[in-house]
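# Examination of the molecular architecture
Here is what each chain is made of, one letter per residue.
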Amino acid sequence: QVQLEESGGGLAQPGGSLRLSCAASGIIFDVYNMGWYRQAPGKQRELVAAINKGGATNYADSVKGRFTISRDNAKNTVDLQMHSLKVEDTAVYYCYANGVRTEKGYGEYWGKGTLITVSS
């Protein structure tokens, strides 16, 4: 069974930095996409950043130039380095992976989420 475990959430001041990490565990043969979504109170879940197996990245306009996503294909991990944090970045951040190939075929998986609060 594949599990995604996030770490690194917490409290930051506006203008500060945080780093999120996510590790996929289980018998995994391959992972195509990994990334991060977030959901703020009263809002829909939105894509923050994604990275595919080849290293191509995609960012929400609101985080471009401030957040950087990276991954380690060998370890099935994905990180999100966040700089210049804003109050509006406050949300629960979810790690996800799709195109995950296991002995059962392909699937999509989500972490449980980690809260980031940006406040002075």
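This report concerns the structure included in the present document.

Criteria and cut-off values
Position labels on residues start from 1 in each chain and follow its written sequence. Reporting of local features is limited, given that this is a predicted model, to residues whose pLDDT is at least 70; pairs of side-chain atoms are given and counted only at 80 or more, and all residues count toward the totals for whole chains, interfaces and linings. Based on all heavy atoms of the structure, the side-chain values leave hydrogens and waters out of the count. What makes two strands pair is DSSP finding at least two bridges between them. Per the convention used, a helix needs a DSSP run of H or I reaching at least four residues, while a strand needs a run of E reaching at least two, with both numbered from the N terminus. Simply put, an axis is a line fit to the C-alpha atoms, just over the touching stretch for a helix, and the angle between two N-to-C directions goes from 0 to 180 degrees. Criterion for a disulfide: a pair of cysteine sulfur atoms at a distance within 2.5 Å. In this scheme, a residue with accessible area under 20% of its type's maximum is buried, one over 50% is exposed, and one in between is partly exposed, where area comes from a 1.4 Å probe on protein chains only.

What the four strands build is an open sheet, ordered S1-S3-S8-S7; its pairing is antiparallel. Unpaired on one side and paired on the other, strand S1 (3–7) and strand S7 (67–72) mark the two borders of the sheet. Adjacent strand axes in the sheet meet at a mean angle of 15 degrees when their direction is disregarded. Sheet topology note: the S1/strand S3 (residues 18–25) ladder contains five bridges and is antiparallel. Looking across to S3, one finds that Glu6 is bridged to Cys22.

Time to look at the pairing of strand S10 (residues 105–110). Pairing analysis gives five bridges linking strand S9 (residues 91–102) to S10, with the strands arranged antiparallel. What sits directly across from Thr102, in S10, is Gly105. What sits between S9 and S10 in their antiparallel hairpin is a turn of two residues.

What follows concerns the state of the cysteines. In this structure the tally under the stated criterion is one disulfide. Note on cysteine connectivity: Cys22 is disulfide-linked to Cys95, with sulfurs 2.0 Å apart. When the S-S torsion is -80 degrees, as for the bridge of Cys22 with Cys95, the disulfide is left-handed. With a gap of 73 residues between them, Cys22 in strand S3 and Cys95 in strand S9 connect regions that are remote in the sequence. A relative accessible area of 2% means that Cys22 is categorised as buried.

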